[in-house]
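Listed here are the chains, written in short residue letters.
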Amino acid sequence: MTTQHPADRGGPRPRKFDRLAEKASNFTSSPAFFGFCLLVVAGVVAVHFADVSLKWKIFAGECMTAVTLMLLALLKNSELRSERALQRKLDAIAAALLESQEGEPGKAHEDLKAAIRLEEET
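Draft legend 1. Focus on the overall build of the protein chain. Regarding its fold elements, the protein chain presents five helices and zero strands. Secondary structure of the protein chain in N-to-C order comes out as α-α-α-α-α. Residues counted as buried form 17% of the 122 residues belonging to the protein chain. Counting only contacts in the protein chain whose residues sit at least 6 apart along the sequence, the fraction spanning at least 24 positions is 53%. Summed over all atoms, the accessible surface of the protein chain reaches about 9400 Å², with 66% contributed by carbon and sulfur.

Written out as structure tokens, the structure is:
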């Protein structure tokens, strides 16, 4: 287990978890996932209105809680990756502006070019 920022882990190639988190993030923002969520909510409502035992009602509530917790972790991971990518872009822009004031483009311009495509990598 690592406590590093998601953008600082790995290297030039994203790790398995980062790829999985990216795919899951893309899926959870799709209309198909919204439809799935509607079905789950409808199922929980049906369990509460049906004459079932308390055990099933508690189970339905716990399932909703587990799904909510997983989505929260996924959202936080996506937020951290996006935040880091944005900060790297801002740093690259600032460095490129400083270089342009000094006269000739250098490493900062190359970093800026790389940062423009940063969100596709992270």
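Draft legend 2. Representation of the packing of aromatic side chains within the structure. Counted according to the given criterion, the structure contains three aromatic pairs. Consider the rings of phenylalanine 27 and phenylalanine 33, whose centres lie 5.4 Å apart with planes at 70°: the pair is edge-to-face. Taking the relative accessible area as the measure of exposure, phenylalanine 27 reaches 45% and is therefore partly exposed. For phenylalanine 33, a relative accessible area of 10% puts it in the buried group. Taking the centre distance of 5.8 Å and the plane angle of 90° together, the rings of tryptophan 56 and phenylalanine 59 count as edge-to-face. Here phenylalanine 59 and tryptophan 56 lie together in helix H3 (residues 54-102), a separation of three residues that amounts to about one turn. These aromatic residues form a ring-pair network of at least three members: Phe27, Phe33 and Phe36.

Draft legend 3. Representation of the pattern of salt bridges within the structure. Applying the stated criterion across every chain yields a total of two salt bridges. Note that glutamate 22 and arginine 81 form a salt bridge whose closest N and O atoms lie 2.5 Å from each other. You can see glutamate 22 sitting in helix H1 (residues 16-28) and its partner arginine 81 sitting in helix H3, a full 59 residues away along the chain. What makes glutamate 22 partly exposed here is its relative accessible area of 29%. The salt bridge partner of glutamate 79 is lysine 76, with a shortest N-O separation of 3.6 Å. Residue glutamate 79 and its partner lysine 76 are both found in helix H3; the two are separated by three residues, about one turn of the helix. Judged by relative accessible area, glutamate 79 falls into the partly exposed class, the value being 40%.

Draft legend 4. Molecular detail of the side chain of arginine 81. Arginine 81 gets classed as buried once you look at its relative accessible area, which sits at 5%. A polar atom in the side chain of arginine 81 sits 2.8 Å from the side chain of asparagine 77.

Draft legend 5. Spotlight on a nonpolar patch on the surface. A cluster of nonpolar side chains, contributed by Leu86, Leu90, Ile93 and Leu97, occupies part of the molecular surface with about 370 Å² of accessible area. Considering the arrangement of structural elements, one finds isoleucine 93 in helix H3.

Draft legend 6. H1, seen in detail. Between the first and last C-alpha of H1 there are 18 Å, a value that for 13 residues agrees with the 18 Å anticipated at 1.5 Å per step. Those residues of H1 that fall on the buried side of the exposure criterion are Asp18, Ala21 and Ser25. End-on view of H1: buried residues confined to an arc of 60°, all on one side of the axis. Summarising the geometry of H1, the exposed residues directed more than 90 degrees from the buried face are Lys16, Leu20 and Lys23.

Reading guide: rules and limits
Along each chain, residue indices are assigned from 1 in the same order as the chain's sequence is written. Residue-level local features of this predicted model are given only where pLDDT is at least 70; pairs of side-chain atoms are given and counted only at 80 or more, and the full residue set underlies all totals for whole chains, interfaces and linings. Based on all heavy atoms of the structure, the side-chain values leave hydrogens and waters out of the count. The helix count covers DSSP runs of H or I at least four residues long, the strand count covers runs of E at least two residues long, and both are numbered beginning at the N terminus. Burial status follows relative accessibility: with a 1.4 Å probe on protein chains alone, a residue under 20% of its type maximum counts as buried, one over 50% as exposed, and anything between as partly exposed. Note on contacts: a residue pair qualifies if any of its non-hydrogen atoms lie within 4.5 Å across the two residues. In short, Shrake-Rupley with a 1.4 Å probe defines the accessible areas, and a residue's cover is counted only from the protein chains shown. Aromatic pairs are defined between Phe, Tyr and Trp rings, using the six-membered ring for Trp, whenever the two ring centres lie within 6.5 Å; interplanar angles under 30 degrees are classed as stacked, those over 60 as edge-to-face, and all others as tilted. Whenever a carboxyl oxygen of Asp or Glu lies within 4 Å of a side-chain nitrogen of Lys or Arg, that contact is scored as a salt bridge. Polar contacts, as counted here, are pairs of nitrogen or oxygen atoms within 3.5 Å of one another; within protein the pair requires one atom able to donate a hydrogen and one able to accept it, and residues that are adjacent in sequence qualify only if both atoms are side-chain atoms. Patch building starts from residues that exceed 30% relative accessible area and form no salt bridge, then joins like charges within 9 Å and nonpolar side chains (Val, Leu, Ile, Met, Phe, Trp, Tyr) within 5 Å. A helix is expected to reach a length of 1.5 Å times the quantity of its residues less one. Summarising the geometry, the arc corresponds to the directions from the helix axis toward the C-beta atoms.

The values reported here are purely geometric and, on their own, carry no functional implication.
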